[in-house]
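A structural walkthrough
The primary structure of each chain is shown beneath.
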Amino acid sequence: MWKYFVEVAQNGRRLLTRSFSRPQLTASPSFSRSDNYSQGIPTSHPEPAWALGIPTTQLTSKVHHNVNQITKELNEFFLKSWPFSSEKAQRKFVGAEFAYSSCIVWPDATDERMVHAAYLFALLFLVDDHIDTIPLDEGREYNNMVLAFFRGDKEPNRDIPIEWITFDIGSAMRQCDPILFPNVVTSMAQFMAAQTDSRREKDLSLMEYMDWRVNDVGSPLIVSMGLYCNALVFRDDDPILSRLRHIWEHHVIYCNDAWSYDKEVRAAQAVADDLNATIPCSGVTILMRETGLPASAAKRMLIYFAREMEILFKKEVDSLLRETPTPELQKYVKILEYQMSGNEVWSQVTKRYNI
């Protein structure tokens, strides 16, 4: 039973509440950004030097109406339930603003499904951080364990947070939508396989890297979660949509690589003595190697690439909607647009990437 998420009726609409008490910390974690997102996108974050003067996005952004409640409750839940190593680690989790990430990537989600997505992706970020600290073979075993509990193949030990949290999120999603849940499981398995793919330790060309990175950045998982959040049963494997998906995937990768590079460098340096991993597998690294440019210039190049993808995206959407102006396709392309713009907005403000 999903005992941590109980639906209640209030003012004629369905909301979600949790059955746990507020955690007691030695010091309250600081919401370093604004903890009130009701006005939408934060604008007070400092811009890094490398990003000064880059062109602004042409895409529209939107944030889920329940972002404040979800942010507060998600942080309380994980601060109470997850075995963080220190108060510094707790503050790092809060500063990453994982709930905001999901709420701006899937702003039109139903209240229930928005909670599922936010908690799942917060968990996956924690898993990703752990994977960064262990060898690839151990990472594969760990990810396989996570997947088994998410699918519901194994009963969890309620004293081990990674087991019961993963199991309970999967149970809630499977009960909510047994039709779309299997697609989430499949794409999550693809994402986790890419996380521990041996190619990440090799020198790849940009095209080879992009082929691998599609799964490593979680593109199929992000799309399947977008369909789940919006309760949209839609066959997005139609060949006529392949170019649109290709453009979308590249935009997500370019933005993620540009903004996350410094974090990836720090993570690689932290484990270099044990794993001989001193250079992150990133589009920034590849451009530096192939062009001789410094990291700051390579990051700007990726953002310019992303802006070109936005132009192509709008042209492709216009063409598709002229030929097939169905409500389902209109909803699908809007899901993709919000995922593109939301990914970039969150990347600009999260302390996970910006210190």
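Computed from a predicted model, the values in this text were never measured in an experiment.

Considerations on the packing of aromatic side chains
- One pass over the structure, following the stated rule, counts 17 aromatic pairs.
- With a centroid separation of 5.0 Å and 70 degrees between ring planes, the pair formed by Trp-106 and Phe-121 is classed as edge-to-face. Remark: Phe-121 occurs in helix H4 (residues 111–131) and Trp-106 occurs in the loop between helix H3 (98–105) and H4; sequence separation between them is 15 residues. Comparing Trp-106 with Phe-121, the two get one shared label, buried.
- Considering the side-chain rings of Trp-346 and Tyr-353, the 5.3 Å spacing of their centres and the 65 degrees angle between planes classify their relative orientation as edge-to-face.
- The class of Tyr-353 is buried, set by a relative accessible area of 7%.
- Three or more aromatic residues joined by ring pairs make a cluster, and in this case those are Phe-77, Phe-78, Phe-84, Phe-93, Phe-98, Tyr-119, Phe-125, Trp-164, Trp-346 and Tyr-353.

Digging into the pattern of salt bridges
- Overall, the coordinates contain 23 salt bridges when judged by the stated rule.
- For Arg-307, the salt bridge goes to Glu-310, with nearest N and O atoms at 2.8 Å. Taken together, the positions of Arg-307 and Glu-310, both in helix H13 (residues 295–323) and three residues apart, correspond to about one turn of that helix. Residues Arg-307 and Glu-310 agree in their burial class; the two are buried.
- The structure contains a network of salt bridges with shared partners spanning Asp-128, Asp-129, Asp-132, Lys-263, Glu-264 and Arg-352.

Rules of the game
Residues numbered from 1 in each chain as written. Predicted model: local features only at pLDDT ≥ 70, side-chain atom pairs only at ≥ 80, totals over all residues. Heavy atoms only, no water. Phe/Tyr/Trp six-rings, centres within 6.5 Å; stacked < 30°, edge-to-face > 60°. Helix = DSSP H or I, 4+ residues; strand = E, 2+ residues; numbered from the N terminus. Buried < 20%, exposed > 50% of the residue type's maximum accessible area, 1.4 Å probe, protein only. Salt bridge = Lys/Arg side-chain N within 4 Å of Asp/Glu carboxyl O.

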